[in-house]
Amino acid sequence: MPIHTMHAHTDSLLVTLSYLIAVTSAYIAIKLAGRVKTATDRSKHLWLIAGGSILGLGIWSMHFVAMLGHGTLKDANYSFPLVFLSVIIAMAGCILGFYLVARQMSRESFVLGGFLMGSAIAGMHYVGIAALQGMTLQYHTGYVLLSILIAIAASWTALWIGFFSRYAKQQMLVQTKVFFALIMGIAISGMHHVGMLGLEFQMIPSFTSDQVIEPAMLLTLVSIVTLFLFIVFFASVLFDLQLRKRDFIQATILESTEDGVVTTNPDGLIKYANSLFRDFFPERHPYLTEHNATLRLDVPDHTKQMLHVDKRILEVVNQSLKSENLNQTLWFFQRLRSSLVAAATRASCLS
């Protein structure tokens, strides 16, 4: 029997589609990673599962669309148990990677999460290849190792973009998300094609099995998953545009106030600051307490604090902003006039 390789006979349309699926799943995962960072404990696990599942499903769909794009495999049957196992591995690995990083933002969790996530992606790839029925498979060790390294590197890149980069610490523009998703798509699909370059197989004549998925059925299954991913993608883009519109309106309102206004996360990291606050504190610091060490974060709502900044006295009042997907604090910085300062001083002396 002749030995077949993956160096030729590819359907360019399906290969292009597989890349677009990888890009779409990467975009959605980047967006959902941002939700994880700002979510409360109650909803964080939901966003973790959603982000990991979407990325895992997208990589799985990309893999089998690309497999169907190889002309030599267009009529191949697949083992149903192994196809099912491959999607579970992809989803579980991505969820685990997201969870490890979201639980503790550290170098160790980043390295371990990316390694486990990349290993799971590579595992999905090779379990998916092992699902091919009616043929014997041989692997080129160098290509296998290179594909695993690409999968791990792509996972580290995804976690860095979603959780550790400077873009993850602010509202990421749609154009930035698309750019990173395009890069991620190249890495994800590149891992698949590098792995396929190292594959050789021989057909086994008269092979039969009961637990197989025929190409038509596999194509239908992957098409359903792909359609779901694209629906989620376009919905997330529209939702993102609505959020940007809302944020613009809110920023316009906050800029029109006569107070310095800041929002922070539970750790005191500044999420938004209006221009008047920047006038009070020209130096840029990521955390609120770095602007004035006497400011306390662990105080009840509506607590008034007095800050001495240069020759000015600022009155600071806080208000919690909590909902299912929001856990921040709103701070108002008001400059006291001389008469108010004198009254406040007399009141403090009498007390």
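Read on for an overview of the structure. Being a predicted model, the structure only gives us computed values, none of them experimental. (Residues numbered from 1 in each chain as written. Predicted model: local features only at pLDDT ≥ 70, side-chain atom pairs only at ≥ 80, totals over all residues. Heavy atoms only, no water.)

**Details of the sheet that holds strand 7 (residues 260-264)**
Hydrogen bonds along the backbone pair up the strands of a sheet, which may run parallel or antiparallel.
Part 1 of the argument: Read from one edge to the other, the open sheet built from five strands follows the order 8-7-11-10-9, with strand pairing classed as antiparallel. Strands with a single pairing partner mark the edges of an open sheet, and in this sheet they are strand 8 (270-273) and strand 9 (304-309). Between one strand axis and the next, the sheet turns by 25° as a mean value, whatever way the strands run.
Part 2 of the argument: In this sheet, strand 11 (residues 326-335) lies alongside strand 7 in antiparallel orientation, the contact comprising five bridges. Opposite Val-261, over in strand 11, you have Phe-332 as the bridge partner. (Pairing = 2+ DSSP bridges. Helix = DSSP H or I, 4+ residues; strand = E, 2+ residues; numbered from the N terminus. Axes fitted to C-alpha atoms, helices over the stretch in contact; angles between N-to-C directions.)

**A word on the packing of aromatic side chains**
Part 1 of the argument: This model, assessed by the stated rule, comprises nine aromatic pairs.
Part 2 of the argument: With 6.5 Å between their ring centres and 90° between their planes, Trp-160 and Phe-180 make a pair best called edge-to-face. You can see Trp-160 sitting in helix 5 (residues 141-164) and its partner Phe-180 sitting in helix 6 (residues 174-197), a full 20 residues away along the chain.
Part 3 of the argument: Looking at Trp-160, the relative accessible area reads 38%, which means it is partly exposed.
Part 4 of the argument: Residues Phe-277 and Phe-281 carry aromatic rings whose centres are separated by 4.9 Å and whose planes lie at 40° to one another, so their mutual orientation is tilted.
Part 5 of the argument: Overall, the relative accessible area of 5% leaves Phe-281 in the buried class.
Part 6 of the argument: An aromatic cluster of at least three residues, connected via ring pairs, comprises Trp-60, Phe-64 and Tyr-78. (Phe/Tyr/Trp six-rings, centres within 6.5 Å; stacked < 30°, edge-to-face > 60°. Buried < 20%, exposed > 50% of the residue type's maximum accessible area, 1.4 Å probe, protein only.)

**Notes on the packing of helix 4 (residues 107-130) against helix 6**
Part 1 of the argument: Axis separation between helix 4 and helix 6 bottoms out at 11 Å; the angle between their running directions is 45°. Between helix 4 and helix 6, the interaxial angle falls into the category oblique. At the point where helix 4 passes helix 6, the crossing takes the right-handed sense. Residues Ile-121, Ala-122, His-125, Tyr-126 and Ile-129 of helix 4 form the contact with helix 6, whose participating residues are Met-191, His-192, Gly-195 and Met-196.
Part 2 of the argument: Grouping the amino acids of the contact of helix 4 with helix 6 by side-chain chemistry returns six nonpolar, three polar and no charged. (Parallel < 35°, antiparallel > 145°, perpendicular 65-115°, else oblique. Left-handed = near helix turned anticlockwise from the far one by under 90°. Contact = heavy atoms within 4.5 Å. Nonpolar A, V, L, I, M, F, W, Y, C, P; charged D, E, K, R; others polar.)

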